[in-house]
Amino acid sequence: MTEQSAVVSGIGMSEVGRRLHIDPWTLTADAALAAIADAGLTPSDIDGLSTYPGATWSTPGITGAGVDDVRALLGIKTRWHNGGGEMPGQLGSIIAAILAVNAGIVNHVLCFRTVWESTAQDRIGSRSATMAQVSERESHQWSKAYGVGYPTYGALWMQRYMHESGATREQLAQIALTCRAHAALNPQAVYRSPLTMDDYLSAKMISDPICLFDCDVPVDGSVAFVISRADSQPSGSRGIGFAAFGSAGGMENCAEMMWSRTSLTPADVQMAELYDGFSIISILWLEALGLCEPLGAARFIEGGERIALTGELPFNTGGGQLSGGRLHGYGNMYQACLQLSGGAGERQIRNKPEVAVVSSGVGTFASSLLLTAGR
């Protein structure tokens, strides 16, 4: 299989925080060099680069560094590179790296994702000010008059889900509460103070029924991975395997594709690091991936025990994007790699997991990865 030709040999993360006012190239270099060192390599060993979304795309702060920036920063000579916004979720950049490795084009691909959203918002004035700098698309004309933005899209998904499933806000709150509980054990998470049900229910409503704690947190930071040929992985590297990926577009289509490419099943998954740009997105991923029954996610997470670190399906073990910070799927991938290699410290799942699922994006902009413990 294509996926089995590649492994995650190294991982790295820069400092992560709110309004760090650190140059995003510095954040990128910190994460990249950490990942390369973790793999037991040097920059001269890297012959491929892959990133989302590249240097010039989307709003200020979403694009922290591109391929050419990293080539110049680290003196990397590439045989192949990839970067752009139109791909199957943010983790599509990792899927592209797997394909390049499998094709025999490269041996070691540095994949990276850098954001500096909170500093950009601080400099420009607000989230709405940064959004105003996005080039208008014709399709936006039908929603702009109503002030429709990402929180409102999320609210519509959540309203519909609550109507169809009978879910309550108290049930859905467990996504945010669990992420905060796990973030408390993660020194790199941006929000680590306790969060209670009362805090959640009384929080500012952003777009009914989405409240403040249902929204992910803009941060500055960078995450990097080295994807290596399985037969060329350095001795002693992490060697985390890929069992399957889904890149078909749409959460259900991604999941169907992913499960069709492996003998593993949802019952084999021991932890889930699921995209949580809004808490409802994680709910939709839980069901799309078959980790619970359709319209049953609210009941599955009720009380939080099942998705706690000690539960049957530990969820977003580093705090996710809701409390750890918006690292666009790369942060969750990083946490999965830590868990699978037994390096998650206080938040390490007992009986080190062997199989993890990671997802990124929502709607047609989505992808999923099934990871296995080091070889």
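Sequence positions are assigned chain by chain, starting from 1 and proceeding in written order. This being a predicted model, a pLDDT of at least 70 is required before a residue's local features are given, and a value of 80 or more before pairs of side-chain atoms are given or counted; all residues contribute to the totals for chains, interfaces and linings. With hydrogens and water set aside, each side-chain value is computed from the structure's full complement of heavy atoms.

Peer 1: Hey, could you run me through the side chain of Asn332 in this one?
Peer 2: Numbering of helices and strands runs from the N terminus, with a helix taken as a DSSP run of H or I at least four residues long and a strand as a DSSP run of E at least two residues long. Relative to the helices and strands, Asn332 resides in helix 14 (residues 330-340). What Asn332 contacts, discounting residues up to four positions off in sequence, is Glu273, Leu274, Tyr275, Asp276, Asn316, Gly320, Gln321 and Val358. Working rule for contacts: check all heavy atoms of both residues, and any pair within 4.5 Å makes them a contact.

Peer 1: Got a minute to help me understand the sheet that holds strand 4 (residues 108-116) in this structure?
Peer 2: The pairing of strands in a sheet comes from backbone hydrogen bonds and takes either a parallel or an antiparallel form. Note on pairing: DSSP must find at least two bridges between two strands before they are called paired. Overall, mixed pairing links the nine strands, which are arranged 3-2-4-7-1-8-11-10-9 in an open sheet. Edge strands, defined here as strands with exactly one partner in the open sheet, are strand 3 (80-83) and strand 9 (271-273). Going across the sheet, the axis of each strand differs from the next one's by a mean of 25 degrees, ignoring polarity. As judged from the seven bridges shared by strand 1 (residues 6-13) and strand 7 (residues 220-229), these two strands associate in the antiparallel manner. Each residue of the ladder has a partner; that of Ala6, found in strand 7, is Arg229. Axis lines are fitted through C-alpha atoms, for helices just across the contact stretch, and the angle between N-to-C directions can take any value from 0 to 180 degrees. Those strands touched by helix 10 (residues 251-260) are strand 8 (240-246), strand 10 (355-362) and strand 11 (365-372), and its axis lies near 30 degrees from that of strand 11.

Peer 1: Hey, could you run me through the packing of helix 10 against helix 11 (residues 279-288) in this one?
Peer 2: For any two helices packed against each other, the geometry comes down to the angle between their axes and how far apart the axes lie. In the contact formed by helix 10 and helix 11, the axes pass within 9 Å of each other and the chain directions differ by 35 degrees. Of the two elements, helix 10 crosses helix 11, and the hand of that crossing is right-handed. Here helix 10 contributes Met251, Glu252, Cys254 and Ala255 to the contact with helix 11, which in turn contributes Ile281, Leu284, Trp285 and Ala288. Think of it as three bins: nonpolar holds Ala, Val, Leu, Ile, Met, Phe, Trp, Tyr, Cys and Pro, charged holds Asp, Glu, Lys and Arg, and polar takes everything else, Gly as well. In terms of residue class, the contact of helix 10 with helix 11 is built from seven nonpolar, no polar and one charged. Crossing chirality is assigned from the near helix's rotation relative to the far helix, an anticlockwise turn below a right angle marking it left-handed and a clockwise turn marking it right-handed.

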